[in-house]
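Reading the structure
Residues per chain, in single letters:
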Amino acid sequence: MLEPFDDTYFMKKALQEAETAFEKGEIPVGAVIVVDNKIIARGHNLTETLNDVTAHAEMQAITAAANFLGGKYLKKCTLYVTLEPCQMCGGALYWSQISNIVYGARDEERGCINLKTKLHPKTIIKGGVMADEASELMKRFFIEKRNLN
């Protein structure tokens, strides 16, 4: 039997997605969805690339996971995301009935947990996994963005 990976392993994969977003000039948020110790979906912000305000990392990953599973519910799945999901993503996660959400950095202004967005009652939430690394990437992005403008 495979030894289960820990939260840090999967958050590192989400951070790789965030780096991809960064390289594309997107706000560096990355996400992976895991079931049975296997990554079934990946996503990173594509709002600028797709000119679509809904193209957040979580939304990309939710769609990919639903396609992989062949259904809209993500029961027994865990989302690893580098930044606390926003209200929009929190709503989508509610409807997906995802079992677990593990996030890195808090989003004090727009985060769904901070704003008390209702999540599915069975969803377990854990925050702060590799928060420093996720915050640092976000800070670096906005410093570079300000210096270019």
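Conventions and cut-offs
- Residues numbered from 1 in each chain as written.
- Predicted model: local features only at pLDDT ≥ 70, side-chain atom pairs only at ≥ 80, totals over all residues.
- Heavy atoms only, no water.
- UniProt positions renumbered as here; feature names shortened; annotations may be inferred.
- 1 Å grid on protein atoms, 1.4 Å probe; cavity = no way out; pocket = protein on both sides within 12 Å on 5 of 7 lines; lining within 4 Å.
- Points joined across faces, edges and corners; volume = space filled by probe spheres on them.
- Helix = DSSP H or I, 4+ residues; strand = E, 2+ residues; numbered from the N terminus.
- Nonpolar A, V, L, I, M, F, W, Y, C, P; charged D, E, K, R; others polar.
- Salt bridge = Lys/Arg side-chain N within 4 Å of Asp/Glu carboxyl O.
- Buried < 20%, exposed > 50% of the residue type's maximum accessible area, 1.4 Å probe, protein only.
- Pairing = 2+ DSSP bridges.

Taking an unreviewed UniProt entry as the reference, the protein chain is identified by name as tRNA-specific adenosine deaminase belonging to Flavivirga eckloniae. As its UniProt record puts it under Sequence similarities (unreviewed entry), the protein chain is described as follows: "Belongs to the cytidine and deoxycytidylate deaminase family. ADAT2 subfamily." We quote the UniProt Catalytic activity (unreviewed entry) comment for the protein chain here in full: "adenosine(34) in tRNA + H2O + H(+) = inosine(34) in tRNA + NH4(+)".

Attention now goes to the layout of surface pockets. To locate leftover empty space, one rolls a probe as large as a water molecule over the atoms. One number sums up the size of the largest pocket: a volume of about 600 Å³. If you go around the largest pocket, you meet 27 residues; those closest to its centre are Ile 27, Leu 83, Asp 107, Arg 110 and Met 138. Of all the elements in the fold, those that place two or more residues in the lining of the largest pocket are helix 2 (47–50), strand 3 (77–83) and helix 5 (131–148). The greatest single-element share of the lining of the largest pocket, amounting to 5 residues, is contributed by helix 5. Looking at the lining of the largest pocket, its residues break down into 11 nonpolar, 6 polar and 10 charged. In this structure, the second largest pocket encloses a volume near 170 Å³.

Attention now goes to the UniProt feature "domain: CMP/dCMP-type deaminase" (unreviewed entry) in the protein chain. The positions UniProt marks with the feature "domain: CMP/dCMP-type deaminase" (unreviewed entry) are residues 5–114. Counting secondary structure, residues 5–114 comes out at 40% helix and 24% strand; the distance between its end C-alpha atoms is 28 Å.

This part takes up the pattern of salt bridges. A side chain of one charge can pair with a side chain of the opposite charge if their charged atoms are brought near each other. Tallied over the entire structure, the rule returns 4 salt bridges. Lys 126 serves as the salt-bridge partner of Asp 7, at 2.6 Å between the closest nitrogen and oxygen. Placement of Asp 7 in helix 1 (residues 7–23) and of Lys 126 in strand 5 (residues 124–126) is noted, with a sequence separation of 119 residues between them. Note on Lys 126: relative accessible area 42%, which makes it partly exposed. Close ionic contact of Glu 109 with Arg 110 constitutes a salt bridge, the shortest N to O distance being 3.7 Å. For Glu 109, a relative accessible area of 60% gives the class exposed. With relative accessibility at 52%, the residue Arg 110 sits in the exposed group.

Most of strand 3 is tucked away: 7 of the 7 residues are buried. Bridge analysis of strand 1 (residues 30–35) against strand 3 gives 5 bridges, and the strand direction is antiparallel. Bridging across to strand 3, Val 32 finds its partner in Tyr 80. Of the pairings in the sheet, the one linking strand 3 to strand 4 (residues 100–105) comprises 5 bridges and is parallel in character. Considered in strand 4, the bridge of Leu 83 is made with Ala 105.

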